[in-house]
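Next come the chains, spelled out residue by residue.
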Amino acid sequence: MQLSTSWSRARVTLALTIATAAVWLVLSMLPDLGRGLGIANLNDAAILWGGFVPAQVSGLLNSVGSAPVWLTPLTAAFLHANLIHLAFNLLILVFCGRPTEAVLGPGAFAILYLVRAYGAAAVHYL
């Protein structure tokens with residue numbers, strides 16, 4: 001069986017790729033809005049806001065002004081430390097996502113992406 005190489009059968013993969021790249025691009029190109037907080041750049045501030053921090057789940061760290069703990073596995077999936085981190089993650093998403101979405105379909109692939117984000121956070125917590 002030959003899998004389709006058309007992007008028309010991988011719209012969720014394409015949307016996730018564009019959204020993830022756009023988040024990083026916006027955060028890395030905006031002026032330094034975190035200067036008053038002692039944060040080097042906006043990307044660092046976003047990672048502090050939306051990154052998954054196991055200590056928050058355990059109640060050992062109470063971060064004021066961060067995303068709700070239940071949402072951070074999803075927000076963390078769109079945050080990347082630098083261009084190399086982003087590039088490798090998007091490379092894997094494109095090469096693995098297109099054929100996987102072609103087999104599963106867009107709805108099941110989107111659910112798989114959500115399950116993967118929360119599963120990765122659970123493993124990180126452990």
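What you see is a predicted model, and the numbers here were worked out from it, not measured in a lab.

Caption draft 1: Local environment of the packing of helix α5 (residues 83–104) against helix α6 (residues 106–125). It is at 7 Å that the axes of α5 and α6 come closest, and there the two elements cross at 135°. Put simply, α5 runs oblique to α6. When the axes of α5 and α6 are compared, the crossing they make is right-handed. On α6, the residues touching L93, G97, T100, E101 and L104 of α5 are P106, A108, F109, L112 and Y113.

Caption draft 2: Structural context of the nonpolar core. Counting residues in each nonpolar core, the largest one holds 11 residues, listed as V12, L16, W24, A77, F78, L86, L90, L93, F109, Y113 and A117. Those elements that provide at least two residues to this core are α1 (11–29), α5 and α6. Residue contacts for A77: discarding those within four places in its chain leaves T20, Y113, R116 and A117.

Caption draft 3: Looking closely at the packing of aromatic side chains. What the rule picks out here adds up to 1 aromatic pair. With 6.3 Å between their ring centres and 55° between their planes, F78 and Y113 make a pair best called tilted. Placement of F78 in the loop between α4 (72–76) and α5 and of Y113 in helix α6 is noted, with a sequence separation of 35 residues between them. The same class applies to F78 and to Y113, which are both buried. Against the face of Y113 rests R116, its NZ or CZ located 4.6 Å from the ring centre.

Caption draft 4: Region of the structure containing the side chain of H80. As for its position among the elements, H80 is in the loop between α4 and α5. Take H80: its relative accessible area is 2%, and that puts it in the buried class. A distance of 3.0 Å separates the side chain of H80 from the side chain of N89, its partner in a polar contact.

Caption draft 5: Broad picture of the packing of α1 against α5. Where α1 contacts α5, the axes come no closer than 9 Å and their chain directions differ by 170°. One way to sum up the angle between α1 and α5 is to call them roughly antiparallel. Between α1 and α5, the contacting residues are R11, V12, T13, L16, T17, T20, A21 and W24 on the first element and L83, L86, L90, L93, V94, G97, R98 and E101 on the second. In terms of residue class, the contact of α1 with α5 is built from 9 nonpolar, 4 polar and 3 charged.

Caption draft 6: Quick peek at α5. For α5, spanning 22 residues, the distance from its first C-alpha to its last is 30 Å, which sits close to the expected 32 Å at 1.5 Å a residue. At G97, α5 shows its maximal bend, which comes to roughly 35°, and the proline P99 appears one to four places after that position. What α5 keeps buried is the set L86, L90, L93, G97, R98, E101 and A102. Looking at the buried residues of α5, the elements they touch are α1 and α6.

Rules and cut-offs
- Residues numbered from 1 in each chain as written.
- Predicted model: local features only at pLDDT ≥ 70, side-chain atom pairs only at ≥ 80, totals over all residues.
- Heavy atoms only, no water.
- Axes fitted to C-alpha atoms, helices over the stretch in contact; angles between N-to-C directions.
- Helix = DSSP H or I, 4+ residues; strand = E, 2+ residues; numbered from the N terminus.
- Parallel < 35°, antiparallel > 145°, perpendicular 65-115°, else oblique.
- Left-handed = near helix turned anticlockwise from the far one by under 90°.
- Contact = heavy atoms within 4.5 Å.
- Core = buried A, V, L, I, M, F, W, Y, C linked by side-chain atoms within 4.5 Å.
- Buried < 20%, exposed > 50% of the residue type's maximum accessible area, 1.4 Å probe, protein only.
- Phe/Tyr/Trp six-rings, centres within 6.5 Å; stacked < 30°, edge-to-face > 60°.
- Lys NZ or Arg CZ within 6 Å of the ring centre and 35° of its normal.
- Polar contact = N/O pair within 3.5 Å; in protein donor to acceptor, adjacent residues only side chain to side chain.
- Nonpolar A, V, L, I, M, F, W, Y, C, P; charged D, E, K, R; others polar.
- Expected span 1.5 Å × (residues − 1).
- Bend = angle between axes of the 7 residues up to and from the residue.

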